[in-house]
Amino acid sequence: MLTKFLRQWGESILLTKTNLQLLSGKLEKIAETPYFSHDLNQYLEQLRVVTERLLSDFNILPPGITEAMTDQIWIATKFLSGSTSKKIPYEIVHCLKKSLEQWTDKKAIITTAVTQEKGYSFYFQGMPQDFYSLAAAYTGVNFTGELVQLAFPEIYQHRPLLNVALYHELGHFLDTHHGIVNKSLLMIPYDELALPLQNNDFNTLTDQQKQEIATHHRREYFADIFAASYSGNAYKNFLKEFAGNNPVCMTHPATEDRLKLIDLFLSKQQNEIISLFQNALTTLNLIKLELAFKIPDVTEAFSNTRPYSIQNEKELHGIFEASATYLNQLSLNSDEEIDTERVINNLVEKSIRNSMTVDRWRDCGPIT
Amino acid sequence: MDLLHRERIAESIKSPETDSLFIDPLLEESQIGSVSLDLRLGYDFLVSILTRKPSIETSTAPNHSHRGIGSYFQETRRELGETFVLYPNQVVLCTTLEYVSLPHNMYADILSRSSYTRLGIPLNTMVQPGFRGCVPLELFNHGNSPVELVIGSRVCQARFFEIDIAVEYSQNNNIRKYFGHVRPTVSSADSDNEMQKLRNISAILD
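On a predicted model such as this, the values are computed, not experimentally measured, just so you know. (Residues numbered from 1 in each chain as written. Chains lettered and ligands numbered in written order. Predicted model: local features only at pLDDT ≥ 70, side-chain atom pairs only at ≥ 80, totals over all residues. Heavy atoms only, no water.)

A. Spotlight on the interface of chain B and chain A. Of the residues lining the interface, 28 residues belong to chain B; the matching set on chain A comes to 24 residues. Interface of chain B and chain A: buried area, both sides summed, is about 2,600 Å²; carbon and sulfur atoms make up 49% of it. Together, Arg77(B), Glu79(B) and Arg183(B) form the three largest contributors to the area buried by chain B at its contact with chain A, with a combined 24%. Arg183(B) is the salt-bridge partner of Glu349(A), the closest N and O atoms lying 2.7 Å from each other. Put simply, the parts of the chain that give the side of chain B that touches chain A at least two residues each are strand 2 (22-24), strand 5 (73-77), strand 7 (91-101) and strand 10 (132-140) of chain B. Within the side of chain B that touches chain A, the residues separate by chemical class into 10 nonpolar, 6 polar and 12 charged. (Contact = heavy atoms within 4.5 Å. Buried area = accessible area lost by both parts, 1.4 Å probe. Salt bridge = Lys/Arg side-chain N within 4 Å of Asp/Glu carboxyl O. Helix = DSSP H or I, 4+ residues; strand = E, 2+ residues; numbered from the N terminus. Nonpolar A, V, L, I, M, F, W, Y, C, P; charged D, E, K, R; others polar.)

This is how it looks when you write it as structure tokens:
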């Protein structure tokens, strides 16, 4: 695993040192604007210490180690920088944090970066565990949390209904974090479970290529089911609209096959892929994938252009399906469509924000 | 036209009728006063900044050098309990924390609370019957010292007036641009329909 992390050393020493120096300056600048989150501030400080120690010990550290760590610091800097840009979809990130709490006891800190194009718009970028191990070994810094690096299209900043795909990206983080798909591959090897991709188009590939594809596709399926378990048909329908015609490729199953699997999961039907993931989760002592949301009736509130008063955590996740369904069933003329879409997204955002505000106010106890 | 008192405000808020007063979140019952209701400072801000342009153009003249009003403001956000510093002579747009919905026979005057007026931050705006959204607040510090404001603090108060007839908020086809907003929005002065007419008049002046 470590050898995979330490890819072939290719940069010149001067370039690595220059990159590190520039990143040090960038991190210093980021630190001038503190985050809302204390955890994020703490992570930033720890990353700055790692950077400074890599610089001060540059001449005595193995170049491959320094280069690999610098690359990861660069990625982290992009997401930490994005989180100061005030272009965070704060409300859905709150929902993601709530779901994250059910899946890990470790401190996982969600950071976001914005993207500008549709083709590569939503993604999760992992920070390898090796980075943290090397940081501890070579710089003495033991990180107190892990970054969850998610990217989303900037133009969707205030469109929570279009950001449900972030649940999918969070699924990728949890898969990597817990090694869920890796465990599934140990339980049932890739060639013993026929995925929809394994048709004639792939017959010419080598076994290694087939295994890589199967691994990628299992990761996508897991992230899909994870997203559906929190946002239900809101995620399914977004996937259908956003990438409905995407055919199978090396990294992703065909959207049509992904939608079928989501349908099976949402209708609580058995399927060998779903069962495999459930068994892997059980083996890892994790909770099972189940419908973790309750669909509130937003009709009365939204019809009156008022936010819905979210009653509990299941409704917090369920508001996405409820709102998407409400929006889709409206009969609107073309003049009304865009304005209504904006208002409904605003109402979703405000419903979530009000829930956050009320919780924080209540949790701080009575006024004395 | 009747000014609503405490009991009527509370009664309207609790009313199950769809066309009633709606304030969400109402964090404390004590926000309802004798003849007013305290509203809190929201978390999204648009802060005015200086640009290379000498002035904000409200004319809609379609030339390449026209700079949109939005570019004279910078977006920022705070969390509940955090502070926002309002500097002297700076225009800052924000909203109330609460989402407000007014019945079609009620309008509201929004005024700063005296504690903030005494710091040099007056507020005076009106909300039309049938309004839905977080109430826009235009902050301006008239004093000499920067003032630290706390997100969620009760900076203003609403006085509610019932009128004899119900009126439609969205009539005239041009009102909806401020409808259902939950964040501050910049002025639409440059997209006013009459600007074109005024420019035409200007062009034919002797």
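B. Expanded view of the packing of aromatic side chains. All names here are of chain A. Taken as a whole and assessed by the stated rule, the structure comprises 20 aromatic pairs over all chains. Aromatic side chains Tyr132 and Phe143 sit 5.2 Å apart centroid to centroid with 75° between the ring planes, which places their arrangement in the edge-to-face category. Placement of the pair is Tyr132 in helix 6 (residues 129-139) and Phe143 in the loop between helix 6 and strand 3 (146-153), with a sequence separation of 11 residues. Like Tyr132, the residue Phe143 is buried in the burial classification. (Phe/Tyr/Trp six-rings, centres within 6.5 Å; stacked < 30°, edge-to-face > 60°. Buried < 20%, exposed > 50% of the residue type's maximum accessible area, 1.4 Å probe, protein only.)

C. Up close: the packing of helix 2 (residues 13-31) of chain A against helix 3 (residues 38-56) of chain A. Residue and element names in this part refer to chain A. Between helix 2 and helix 3, the least distance of the axes is 10 Å, while the angle of their chain directions is 150°. Judged by the angle between their axes, helix 2 and helix 3 are roughly antiparallel. In the crossing of helix 2 with helix 3, the sense of the turn from one axis to the other is left-handed. Contacts between helix 2 and helix 3 involve Lys17, Leu20, Gln21, Ser24, Leu27, Glu28, Ile30 and Ala31 on the former and, on the latter, Leu44, Glu45, Leu47, Arg48, Thr51, Glu52, Leu54 and Leu55. When the residues that make up the contact of helix 2 with helix 3 are grouped by side-chain class, the tally is 8 nonpolar, 3 polar and 5 charged. (Axes fitted to C-alpha atoms, helices over the stretch in contact; angles between N-to-C directions. Parallel < 35°, antiparallel > 145°, perpendicular 65-115°, else oblique. Left-handed = near helix turned anticlockwise from the far one by under 90°.)

D. How the structure looks around the environment of Thr255(A). Residues and elements named next belong to chain A. Considering the arrangement of structural elements, one finds Thr255 in helix 10 (residues 255-266). A residue is classified by how much of its surface remains accessible, and Thr255, at 1% relative accessible area, is buried. Sequence separation of Thr255 and Asn245 is 10 residues, and the distance between their C-alpha atoms is 6.6 Å.

E. Spatial organisation of the sheet that holds strand 3 of chain A. All names here are of chain A. The 3 strands are arranged 1-3-2 in an open sheet whose pairing can be described as mixed. Single-partner strands in this sheet number two, and they are strand 1 (108-115) and strand 2 (123-125). Going across the sheet, the axis of each strand differs from the next one's by a mean of 25°, ignoring polarity. Pairing of strand 1 with strand 3, which is carried by 8 bridges, proceeds in the parallel orientation. Paired with Ile109 across the strands is Leu147, a residue of strand 3. Lying on the sheet, helix 5 (residues 90-101) is in contact with strand 1 and strand 3; it crosses strand 1 at an angle near 145°. Packed on one face of the sheet, helix 7 (residues 165-178) meets strand 1, strand 2 and strand 3 and runs near 150° to strand 3. (Pairing = 2+ DSSP bridges.)

F. View of unusual backbone geometry. Note that the residue after Asp24(B), namely Pro25(B), is joined by a cis bond; omega there is 5°. Tracing the sequence through the fold places Pro25(B) in the loop between strand 2 and strand 3 (37-40). Of note, the phi angle at Asn285(A) is positive, near 60°, even though the residue is not glycine. Relative to the helices and strands, Asn285(A) is located in the loop between helix 11 (272-283) and helix 12 (299-303).

G. The arrangement of a nonpolar patch on the surface in detail. A cluster of nonpolar side chains, namely Leu198(B), Ile201(B) and Leu205(B), defines an oily patch on the protein surface of about 300 Å² accessible area. Given the relative accessible area of 61%, Leu205(B) is considered exposed. (Patch = residues over 30% accessible without salt bridge, like charges linked within 9 Å, V, L, I, M, F, W, Y side chains within 5 Å. Areas by Shrake-Rupley, 256 points an atom, 1.4 Å probe, with all protein chains shown as cover.)

H. Examining the nonpolar core more closely. Leu289(A), Phe302(A), Phe320(A) and Ile352(A) are the most contacted members of the largest nonpolar core, which totals 78 residues. If you tally residues by element for this core, the top one is helix 9 (residues 207-243) of chain A, at 13 residues. When near neighbours in sequence (up to four residues on either side) are disregarded, Phe302(A) contacts Pro307(A), Tyr308(A), Ser323(A), Tyr326(A), Ile344(A), Leu347(A), Val348(A) and Ser351(A). The next biggest cluster of nonpolar side chains, apart from the first, holds 40 residues, and it includes Ile23(B), Val92(B), Ile110(B) and Ile151(B). (Core = buried A, V, L, I, M, F, W, Y, C linked by side-chain atoms within 4.5 Å.)

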